[in-house]
Amino acid sequence: MNFDVSSPIKYAGTIVEYLDQGRLKAALVTREQERHLAVIDSAGHERLVPRDLVLMRHPDRRADREDVADALADLERERAELAAELDLQLLWEVAQEQGRSFSAAELAELFFGRRSNAAASVMLEALLGDRTYFVRRHMDFVPRSPDQVERLRMQNDRIRARSDDYRKIQKHLRDVLGGAEMPPAEEAAALIEELTRYLKNPFTRSRDMTQMLAQAAPDVDPAEAAFEILERLGALPRVPRFAFIAGLKDEFSDAVMKEAAEAVPGPRAISDGGYAVTVDDDDTVEVDDALSCEALAGGGMRVRVHIALVADFVVKGGAMDQEAATRATTVYLPEITIRMLPDPISCRAASLISGEDRPVLTTDVRLSADGELVEASIYPARIPIKRRLDYDQVDRIIESGSCSDEAAATISRLHAAASQLRQRRRTAGAVLVQRREAKVRVRGDDVEISVLDNASPGRTLVAEFMVLSNFVAARYAAANRIPIIYRVQPQLGGDLASQRPRLSLHPEYHAGIGLDFYAQLSSPIRRYADLVLQRQLLGALTNRDNQAAIYTVDELLTVLAGAENAEASGRELERRAKRYWTLRYLERHALDGPILAYVARGGQSAELADFAVRGTLHGAPTLPNQMPIMVQVSRVDPLRGWLAFDFAGPADEASTGAIRSI
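What you see is a predicted model, and the numbers here were worked out from it, not measured in a lab. (Residues numbered from 1 in each chain as written. Predicted model: local features only at pLDDT ≥ 70, side-chain atom pairs only at ≥ 80, totals over all residues. Heavy atoms only, no water.)

Draft legend 1. A look at the confidence of the model for the chain. Here the chain averages 89 in pLDDT, while 94% of its residues score no lower than 70. At the level of individual helices and strands, the chain shows its lowest average pLDDT in helix H19 (residues 653-656), which scores 56, and its highest in strand E11 (residues 301-308), which scores 97. Contacts of residues 1-7 to residues separated by more than four positions or lying in other chains number 19 contacts, the stretch itself having pLDDT below 50. Long-range and interchain partners of residues 657-662, a stretch whose pLDDT sits below 50, account for twelve contacts in this model, where long-range means more than four residues apart. (pLDDT = per-residue confidence, 0-100. Helix = DSSP H or I, 4+ residues; strand = E, 2+ residues; numbered from the N terminus. Contact = heavy atoms within 4.5 Å.)

What follows is the structure, encoded as structure tokens:
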């Protein structure tokens, strides 16, 4: 059972168990990084796990993404059977006579009469939770003396005397979640206090309360169940649902706010940035990129991508920097946006506001008439931001072919260049998958849902130039041996879309993007990893004769491993929050009639056209993916994330006329 997680053992494709809130959790390792393993659980959720939390490896159990749920279910069934047999008191009576320490595997063999990874896993989890019979010393376990066990049993008896209170709390939890009678006012107040304390800090949540919530609602995340109970008891916290559940702070410390108010960027003379326009959603306030474009002789173009120079405002190691490192990313939730940096920096001083001069890191490229990258340079500058446009305006300009003013002419040239760049990447094998995405906003009791078309001309235009800017930066870093973290995705055969990109210190081909070099530096206002790499690149550009990097390789690995984990958690939180509020909306408004949807997974599920949310589809014949159909919502449960439809028939032309096909 004991193994060295720093050894060269290959874990990919193997089931492991890692420590998660005091329990062993089984998952399949999908890929390895320096200090982390990427794993996927039975629900298909992915996360990064530090290697030192992996306590059990099952080399005899191998699986892949398709059969991970079955493989983990088999392991859990075997563990459940063994756990039902285990009696720690009986084991202690035998082990303490030998007067020595044991590994979990040895104790498993002693009790079960055989050595197996599943038995060792069950034993290890039981021993980690034991406070009576064994003492843990590193990963060995020593039987306590009879006197020690007797004293602990007496303490446990006193604790069990309080079990009536626990049973009462658990009954209240079940009753509130089940819609039964609410507890008396005094007991409700005590429950509110207990649950509020439980949710306040995700790192100190009581294991007992976690277990009680899990037993009260086995198919609901304990933290989400706790918040639901507070809501039903009329004790909503000040912080919105998913921000409170995740322990996100919606305010900054006095030290951070003071530093933000006093931040003054270094002097940079105003330079020619071209006619720089920004393109964002109409409600975006953190604007971190602008574009300008000029026609060149011979049909070529000069394009400049301007990225907000956040490094000029946020000093490495300062209060803002430390807070940004902790937050790692701006989290966009339906009810609230939790920013990585305080508003005075992210929404004002560093944001590329129309009509203002702003410091930027400019990627300056020259493209040939057929879209080939001929020349590129990167430099810091200070430029005036000429015009702000939203995606709808840009789409209308592109559709009309208008060049009525300088902004429209700039967009038209950018669109032509972006189309050429995109075609070149497609030819290189890039996987250009752009799913529709729901934008969910909650204002009091009102839920507003719109569907973003990520394949629209405006969004595609901006995306192409962010890719180009990131490529040029990565190529420059590789050519000049500047330590940065690259994002790579070598072509390994099979379905490329299922092969997730990974971080690397070494530049490699990124097959999904179709480029030889790639890193992310285009969103330094919203992603800490991008800010770190911007600092690294700016330091090399500013001090070309000084080879000392702003960040060492070890610092980069530490910063970015943490940032990637936080980004993944943030994305999962955003996904859960959007689904919850979309289902709340459907629960209120969409149960009475048929709704337009698109077939997915050959008819096993469907995606609602006006909500971009998927659910299980019942009663449908085998149908081609993306076929428009009509469905009736048959089951919706926001708390549990359940959504199911009944097939109501094919969609008619009137239903589909206003909806763009996915």
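Draft legend 2. Region of the structure containing the sheet that holds strand E7 (residues 134-137). Strand order in the open sheet formed by three strands is E6-E8-E7, with antiparallel pairing between adjacent strands. Two strands in the sheet have a free side with no partner beyond their single neighbour: strand E6 (102-103) and E7. With four bridges joining them, E7 and strand E8 (residues 140-143) adopt antiparallel strand pairing. Each bridged residue has a counterpart across the sheet, and for Val 135 the counterpart in E8 is Val 142. (Pairing = 2+ DSSP bridges.)

Draft legend 3. The arrangement of the nonpolar core in detail. Counting residues in each nonpolar core, the largest one holds 87 residues, and the members touching the most others are Val 303, Ile 411, Leu 461, Phe 465 and Leu 537. At twelve residues, helix H16 (residues 457-479) tops the list of elements feeding residues into this core. Counting residues in hydrophobic clusters, the runner-up holds 40 residues, among them Phe 227, Phe 242, Leu 573 and Tyr 580. (Core = buried A, V, L, I, M, F, W, Y, C linked by side-chain atoms within 4.5 Å. Buried < 20%, exposed > 50% of the residue type's maximum accessible area, 1.4 Å probe, protein only.)

Draft legend 4. Spotlight on a nonpolar patch on the surface. Together, Leu 90, Val 94 and Leu 110 make up a nonpolar patch on the protein surface, roughly 220 Å² of accessible area in all. Here Leu 90 shows up in helix H2 (residues 88-95). (Patch = residues over 30% accessible without salt bridge, like charges linked within 9 Å, V, L, I, M, F, W, Y side chains within 5 Å. Areas by Shrake-Rupley, 256 points an atom, 1.4 Å probe, with all protein chains shown as cover. Salt bridge = Lys/Arg side-chain N within 4 Å of Asp/Glu carboxyl O.)

Draft legend 5. Quick peek at the packing of helix H7 (residues 185-200) against helix H9 (residues 222-232). Axis separation between H7 and H9 bottoms out at 10 Å; the angle between their running directions is 145 degrees. Seen from above, H7 lies across H9 with left-handed handedness. Seen from H7, the contacting residues are Leu 191, Ile 192, Leu 195, Thr 196, Tyr 198 and Leu 199; seen from H9, they are Pro 222, Ala 223, Ala 226, Phe 227, Ile 229 and Leu 230. Residues that form the contact of H7 with H9 fall into these classes: eleven nonpolar, one polar and no charged. (Axes fitted to C-alpha atoms, helices over the stretch in contact; angles between N-to-C directions. Left-handed = near helix turned anticlockwise from the far one by under 90°. Nonpolar A, V, L, I, M, F, W, Y, C, P; charged D, E, K, R; others polar.)

Draft legend 6. The pattern of salt bridges, seen in detail. Under the definition given, this model contains 49 salt bridges. Of the charged contacts, one joins Glu 555 and Lys 316 as a salt bridge, the two residues approaching to 3.6 Å between their closest N and O atoms. Residue Glu 555 is located in helix H18 (residues 553-589), and its partner Lys 316 is located in the loop between E11 and helix H12 (319-327); the two are separated by 239 residues in the primary sequence. The shortest N-O distance in the salt bridge between Arg 422 and Glu 464 comes to 3.1 Å. Taken together, the residues Arg 422 in helix H15 (residues 406-427) and Glu 464 in helix H16 connect sequence positions 42 residues apart. Each of the two residues, Arg 422 as well as Glu 464, counts as buried. One network of salt bridges, with partners in common, ties together Glu 17, Arg 23, Glu 76, Arg 79 and Glu 125.

Draft legend 7. Region of interest: the sheet that holds strand E3 (residues 36-40). Pairing in this open sheet of five strands is antiparallel, and the strands run E4-E3-E2-E1-E5 from one edge to the other. The sheet is open, and its two edges are formed by strand E4 (46-50) and strand E5 (54-62), each paired on a single side. This sheet shows a mean twist of 45 degrees between the axes of neighbouring strands, independent of strand direction. In this structure, strand E1 (residues 14-20) lies alongside strand E2 (residues 23-32), joined through six bridges in antiparallel fashion. Bridge pairing in E2 links Asp 20 to Arg 23. Strand contacts of helix H4 (residues 117-129): E1, E2 and E5, with the helix running at about 160 degrees to E5, the strand carrying the most contacts.

Draft legend 8. Fine view of the state of the cysteines. Taken as a whole and judged by the stated rule, the model has zero disulfides. There is no disulfide at Cys 293, and the cysteine sulfur nearest it, in Cys 403, is 11 Å away. (Disulfide = S-S within 2.5 Å.)

Draft legend 9. Main features of the packing of aromatic side chains. Following the criterion strictly, the structure yields seven aromatic pairs and no others. Residues Tyr 580 and Trp 581 carry aromatic rings whose centres are separated by 5.1 Å and whose planes lie at 90 degrees to one another, so their mutual orientation is edge-to-face. Looking at Tyr 580, the relative accessible area reads 3%, which means it is buried. An aromatic cluster is present here, built from Phe 242, Tyr 580 and Trp 581 joined pairwise through their rings. Against the face of Tyr 391 rests Arg 459, its NZ or CZ located 4.1 Å from the ring centre. We note Arg 640 situated over the ring of Trp 642; from NZ or CZ to the ring centre the distance is 5.7 Å. (Phe/Tyr/Trp six-rings, centres within 6.5 Å; stacked < 30°, edge-to-face > 60°. Lys NZ or Arg CZ within 6 Å of the ring centre and 35° of its normal.)

Draft legend 10. Region of the structure containing a negative patch on the surface. A cluster of acidic side chains, namely Asp 64, Glu 66, Asp 67 and Asp 70, defines a negative patch on the protein surface. The topology assignment puts Glu 66 in the loop between E5 and helix H1 (68-85). Given the relative accessible area of 70%, Glu 66 is considered exposed. (Lys, Arg positive; Asp, Glu negative; His and termini not counted. Charge placed at Lys NZ, Arg CZ, Asp CG, Glu CD.)

Draft legend 11. Representation of the pairing of E1 within the structure. The element E1 is largely enclosed, with a buried count of five among its seven residues. Sheet topology note: the E1/E5 ladder contains five bridges and is antiparallel. Bridge assignment links Glu 17 to a residue of E5, and that residue is Met 56.

Draft legend 12. Layout of unusual backbone geometry. Of note in the backbone geometry, Arg 601 takes a positive phi value of approximately 55 degrees without being a glycine. Looking at where Arg 601 falls in the secondary structure, it is placed in the loop between strand E21 (595-600) and strand E22 (605-608). Its identity as a non-glycine residue notwithstanding, Ala 612 has a phi of 50 degrees, on the positive side. The residue Ala 612 is located in the loop between E22 and strand E23 (614-618) in this model.

Draft legend 13. Quick look at the environment of Pro 183. Assignment of secondary structure puts Pro 183 in the loop between helix H6 (163-178) and H7. Discounting chain neighbours no more than four positions away, the residues touching Pro 183 are His 172, Val 176, Ala 188 and Leu 233.

Draft legend 14. Layout of the packing of H7 against helix H8 (residues 207-216). H8 packs onto H7 with a crossing angle of 110 degrees between their chain directions and a minimal axis gap of 11 Å. The orientation of H7 relative to H8 falls into the category roughly perpendicular. Residue-level inspection shows Glu 194, Leu 195 and Tyr 198 of H7 in contact with H8, the latter providing Met 209, Thr 210 and Leu 213. Across the contact of H7 with H8, the residue classes tally to four nonpolar, one polar and one charged. (Parallel < 35°, antiparallel > 145°, perpendicular 65-115°, else oblique.)

Draft legend 15. Expanded view of helix H14 (residues 391-400). Within H14 the residues assigned to the buried category are Tyr 391, Val 394, Asp 395, Ile 397 and Ile 398. An end-on view of H14 places all buried positions within 160 degrees of arc, on one side of the element. Exposed residues pointing more than 90 degrees away from the buried face of H14 are listed as Asp 392, Arg 396, Glu 399 and Ser 400. Taken together, the buried residues of H14 touch strand E9 (277-280), strand E16 (387-390), H15 and H16. (Arc of directions from axis to C-beta.)

Draft legend 16. Structural context of the side chain of Arg 535. Along the chain, Arg 535 falls in helix H17 (residues 528-542). Setting aside residues no more than four positions away along its own chain, Arg 535 makes contact with Ala 311, Val 314, Val 315, Lys 316, Asp 321, Tyr 528, Ile 550 and Tyr 551.

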